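# Understanding the architecture of this molecule
What follows is the residue order along each chain.
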Amino acid sequence: MKDRPKDEADRAEEMVRRYGKMVYRLAFARSGRREDADEIFQEVFLRYVKKCPVFESENHCRAWFIRVTVNCANKLWANPWRRRTVPLGEEMAFEDPAVSGLYWELQRLPPNYRQVIHLYYYENFTTEEIGRLLRRKSSTVRTQLTRARAMLRDFMEEEDHV
């Protein structure tokens, strides 16, 4: 096995430093499980290393990582084995009870809604940008955001009545 030139290795490490958190958060938002997010994260950066794409701008680079993350997450869910497995319960430790509650409420959303919520609120994309990234109409993205917010509101109201 050949060693990669130092500048390629440095470039890959820089991309992991720059985009690693974003890729992982999006992968986790889409999958809802740490193990799956880890797998998606590795696949995204493996593709980056294999292809060594050249980007026109910072926005193009960021969009590439988001698009590849979404594609890898979709591929993971399309796996027939995945459909026959039942996830084990996963406990996450949160210092702030409000963050813990929000995390569990977000996990109740369908994956497409979690993904749109994540891109809009955590990555600060506009609905038009999200539409381009996910290859959906911006009106579809706005509808998904509205429905996700309504579902979250209903979940929170449910909790208040319990």
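Small disclaimer: the values here were computed from a predicted structure and weren't measured.

### A short note on the confidence of the model for the chain
Chain-level statistics for the chain give a pLDDT mean of 81 and a share of 78% at 70 or above. Predicted confidence in the chain is weakest over helix α4 (residues 80-83), with a mean pLDDT of 53, and strongest over helix α2 (residues 34-51), with 92.

### A word on the side chain of Q115
Assignment of secondary structure puts Q115 in helix α6 (residues 111-122). Residue contacts for Q115: discarding those within four places in its chain leaves L26, R30, V70, L134 and R136.

### Digging into the packing of aromatic side chains
Within this structure, the stated rule accounts for 10 aromatic pairs. Between the aromatic rings of Y48 and W64, the centroid separation amounts to 6.0 Å while the plane-to-plane angle is 70°, which identifies the pairing as edge-to-face. A residue pair is termed long-range when its members are at least 10 positions apart, and Y48 in helix α2 and W64 in helix α3 (residues 58-78) qualify at 16 residues. Take Y48 and W64: they sit in the same class, and that class is buried. With a centroid separation of 5.0 Å and an interplanar angle of 85°, the aromatic rings of W64 and F65 are classed as edge-to-face. Like F65, W64 is buried. Lying over the aromatic face of F155, R108 brings its terminal NZ or CZ to 3.9 Å of the ring centre.

Reading guide: rules and limits
Residues numbered from 1 in each chain as written. Predicted model: local features only at pLDDT ≥ 70, side-chain atom pairs only at ≥ 80, totals over all residues. Heavy atoms only, no water. pLDDT = per-residue confidence, 0-100. Helix = DSSP H or I, 4+ residues; strand = E, 2+ residues; numbered from the N terminus. Contact = heavy atoms within 4.5 Å. Phe/Tyr/Trp six-rings, centres within 6.5 Å; stacked < 30°, edge-to-face > 60°. Buried < 20%, exposed > 50% of the residue type's maximum accessible area, 1.4 Å probe, protein only. Lys NZ or Arg CZ within 6 Å of the ring centre and 35° of its normal.

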